[in-house]
Amino acid sequence: MPLQNFSLPLSQISAKEFAERREDCDGLQLIDVREPEELAIAHVEGFINLPLSQFDKWAEQINQLFDPSIETVVMCHHGMRSAQMCYWLMDQGFTNVRNLVGGIDAYSEDVDGSIPQY
């Protein structure tokens, strides 16, 4: 993944805020950048998996896969890789991107304890 402009402000959303937002809004785009072996351990329904290790396979199609104007929430394990993805999406013209703070780990802890932690 190419370097992004990390000086731009990054919009973030907590796991609890995300759960509430998800109930209130059908139009969210959800991206999970974790690896397939991580998804096998734990996942949240509705997220599309775009592993960062496979960046070269999906990067050129990002504007066909997702609408840059629709609110997009990005998740990983703890929030670091998803932050990278958020910055990259912003570089691609996405205007409403939010990083899920604490990733699936926080989601499991704060929202749905049935999701395994690893």
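To keep things clear, this report deals only with the structure shown in the data block. As a convention, each chain's residues are numbered from 1 in the sequence order in which they are written. At least 70 in pLDDT is required for a residue's local features to be given in this predicted model, at least 80 for side-chain atom pairs to be given and counted, and no such filter applies to totals for whole chains, interfaces and linings, which use all residues. Excluded from the side-chain calculations are hydrogens and water; all other atoms, namely the structure's heavy atoms, are used.

**Points about the overall build of the chain**
- Only runs of H or I of at least four residues qualify as helices and only runs of E of at least two qualify as strands under DSSP, and these elements are numbered from the N terminus. Within the chain, the secondary structure is distributed over 6 helices and 5 strands.
- Starting at the N terminus and walking to the C terminus, you meet the elements of the chain as β-α-β-α-β-α-α-β-α-β-α.
- As a reference, a globule follows 2.2 Å times the number of residues to the power 0.38, and the radius of gyration itself is taken over C-alpha atoms. Computed over C-alpha atoms, the radius of gyration of the chain comes to 13 Å, within 12% of the 13 Å expected from 2.2 N^0.38 for 118 residues, which places it in the range of a compact globule.
- The principal-axis extents of the C-alpha atoms in the chain amount to approximately 35 × 30 × 25 Å.
- The classification of residues rests on relative accessible area computed with a 1.4 Å probe and restricted to protein chains. Under 20% of the type maximum is buried, over 50% is exposed, and intermediate values are partly exposed. Residues classed as buried in the chain amount to 46% of the 118 residues present.
- Per-residue accessibility takes into account occlusion by the displayed protein chains alone, with areas from the Shrake-Rupley method and a 1.4 Å probe. Carbon and sulfur atoms form 49% of the exposed surface of the chain, whose accessible area is close to 6200 Å².
- In summary, the charge assignment counts Lys and Arg as positive and Asp and Glu as negative, without counting His or the chain termini. Just so you know, the charge point we use is NZ for Lys, CZ for Arg, CG for Asp and CD for Glu. If you average the places of the 7 positive and of the 19 negative side-chain charges in the chain, the two averages end up 1 Å apart.

**Considering the pairing of strand 2 (residues 29-32)**
- Judged by which residues are buried, strand 2 turns out to be covered on both faces: Gln29 and Ile31 on one side and Leu30 and Asp32 on the other are all buried.
- Pairing between strands requires that DSSP locate at least two bridges from one strand to the other. The pairing of strand 2 with strand 4 (residues 72-75) spans 4 bridges and is parallel. Bridge assignment links Gln29 to a residue of strand 4, and that residue is Thr72.
- Taken together, the 2 bridges between strand 2 and strand 3 (residues 48-49) define a ladder with parallel strand orientation. Bridging from a neighbouring strand, Ile31 pairs with Ile48 of strand 3.
- Seen with its strands pointing away from the viewer, a crossover is right-handed when the path leading from the first strand over the helix to the second is clockwise. After leaving strand 2, the chain enters helix 2 (residues 36-41) and then returns to the sheet as strand 3, a path that is right-handed.

**So, the pairing of strand 4**
- Judged by which residues are buried, strand 4 turns out to be covered on both faces: Thr72 and Val74 on one side and Val73 and Met75 on the other are all buried.
- Bridging between strand 4 and strand 5 (residues 97-100) involves 3 bridges; their strand directions are parallel. Residue Val73 lies in a different strand from strand 5, and its bridge partner there is Arg98.

**A short note on the side chain of Gln29**
- Position of Gln29 relative to the elements: it lies in strand 2.
- A distance of 2.7 Å separates polar atoms of two side chains, one belonging to Gln29 and the other to Thr72. Under the rule applied, a polar contact is a pair of N or O atoms within 3.5 Å (in protein, one hydrogen donor and one hydrogen acceptor; residues adjacent in sequence only if both atoms are side-chain atoms).

**Side note on the packing of aromatic side chains**
- Paired rings are identified among Phe, Tyr and Trp, the last through its six-membered ring, by centres lying within 6.5 Å, and are further divided according to the angle between planes into stacked (under 30 degrees), edge-to-face (over 60) and tilted (the rest). Summed over the entire model, instances satisfying the criterion amount to 5 aromatic pairs.
- For the ring pair Phe55 and Trp58, a centre distance of 5.2 Å and an interplane angle of 80° mean the geometry is edge-to-face. Within this pair, Phe55 and its partner Trp58 are both found in helix 3 (residues 55-58), separated by 3 residues, close to a single helical turn. The residues Phe55 and Trp58 share a single accessibility class, namely buried.
- Note on Phe55 and Trp88: the rings are 5.1 Å apart at their centroids and 80° apart in plane angle, and the pair reads as edge-to-face. Placement of Phe55 in helix 3 and of Trp88 in helix 5 (residues 80-91) is noted, with a sequence separation of 33 residues between them. For the residue pair Phe55 and Trp88, the accessibility class agrees, reading buried in each case.

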